[in-house]
Amino acid sequence: GVQTCALPICFPVTIRTAIPARKGPGSVVAGIMKLKEMNVFYTPRSKALKDNLKRYMWIIDANTGKPTNAPIDAFNDEIDAIRMGVMSNFWHSQ
């Protein structure tokens with residue numbers, strides 16, 4: 001079968017049984033940090049993902065003008081799907 005590999009783990013692209021994503025306080029940032037530890041590969045046909053990766057950003061603090069530790073809630077559908085898949089696989093293997 002086709003596999004998506006990002007060292008140190010690989011998991012099948014097709015999931016036959018849905019695994020609920022663990023969500024809670026800090027889960028989005030934790031998932032982003034986990035993705036930053038990996039090499040994430042995607043195909044040239046993944047135009048929406050490529051666009052989302054270019055536009056994804058952190059919320060800017062109005063007082064300091066510097067990025068916060070919270071991502072904006074936009075341009076993230078494909079990124080969220082990858083993040084939840086990686087985190088579900090990570091937590092499922094624990």
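What counts as what
Residues numbered from 1 in each chain as written. Predicted model: local features only at pLDDT ≥ 70, side-chain atom pairs only at ≥ 80, totals over all residues. Heavy atoms only, no water. Helix = DSSP H or I, 4+ residues; strand = E, 2+ residues; numbered from the N terminus. Buried < 20%, exposed > 50% of the residue type's maximum accessible area, 1.4 Å probe, protein only. Contact = heavy atoms within 4.5 Å. Areas by Shrake-Rupley, 256 points an atom, 1.4 Å probe, with all protein chains shown as cover. Salt bridge = Lys/Arg side-chain N within 4 Å of Asp/Glu carboxyl O.

A. Representation of the overall build of the protein chain in the model. Each helix and strand counted, the protein chain has three helices and four strands in total. Traced from its N-terminal end to its C-terminal end, the protein chain shows the element sequence β-β-α-α-β-β-α. In the protein chain, which comprises 94 residues, the proportion classed as buried is 22%. Looking at the protein chain alone, contacts between residues at least 24 apart form 55% of all its contacts between residues at least 6 apart. A total accessible area of about 7200 Å² is found for the protein chain, and carbon and sulfur atoms account for 59% of it.

B. Quick look at the pattern of salt bridges. Inspection of every chain in the model, using the stated rule, returns three salt bridges. Two residues, Arg55 and Asp51, come together in a salt bridge whose shortest N-O distance is 3.4 Å. Of the two residues, Arg55 and Asp51 both sit in helix α2 (residues 47–55), four residues apart, roughly one turn of that helix. Here Asp51 falls in the partly exposed class, since its relative accessible area comes to 35%. A salt bridge links Asp80 to Arg83; its shortest N-O distance comes to 3.1 Å. Here the residue Asp80 and the residue Arg83 both occupy positions in helix α3 (residues 77–93), the gap between them amounting to three residues, near one helical turn. Its relative accessible area of 14% is what places Asp80 among the buried residues.

C. Region of the structure containing the side chain of Asn52. Summarising the element assignment, Asn52 is placed in helix α2. Using a relative accessible area of 9% as the deciding quantity, one classes Asn52 as buried. When sequence neighbours within four positions are dropped, the list of residues in contact with Asn52 reads Phe75, Asn76, Asp77, Glu78 and Ile79.

D. Structural detail: unusual backbone geometry. Positioned with a positive phi, Phe75 is a non-glycine residue whose angle comes to about 55°. Note that Phe75 resides in the loop between β4 (67–71) and α3. We classify Phe75 as partly exposed; its relative accessible area is 30%.

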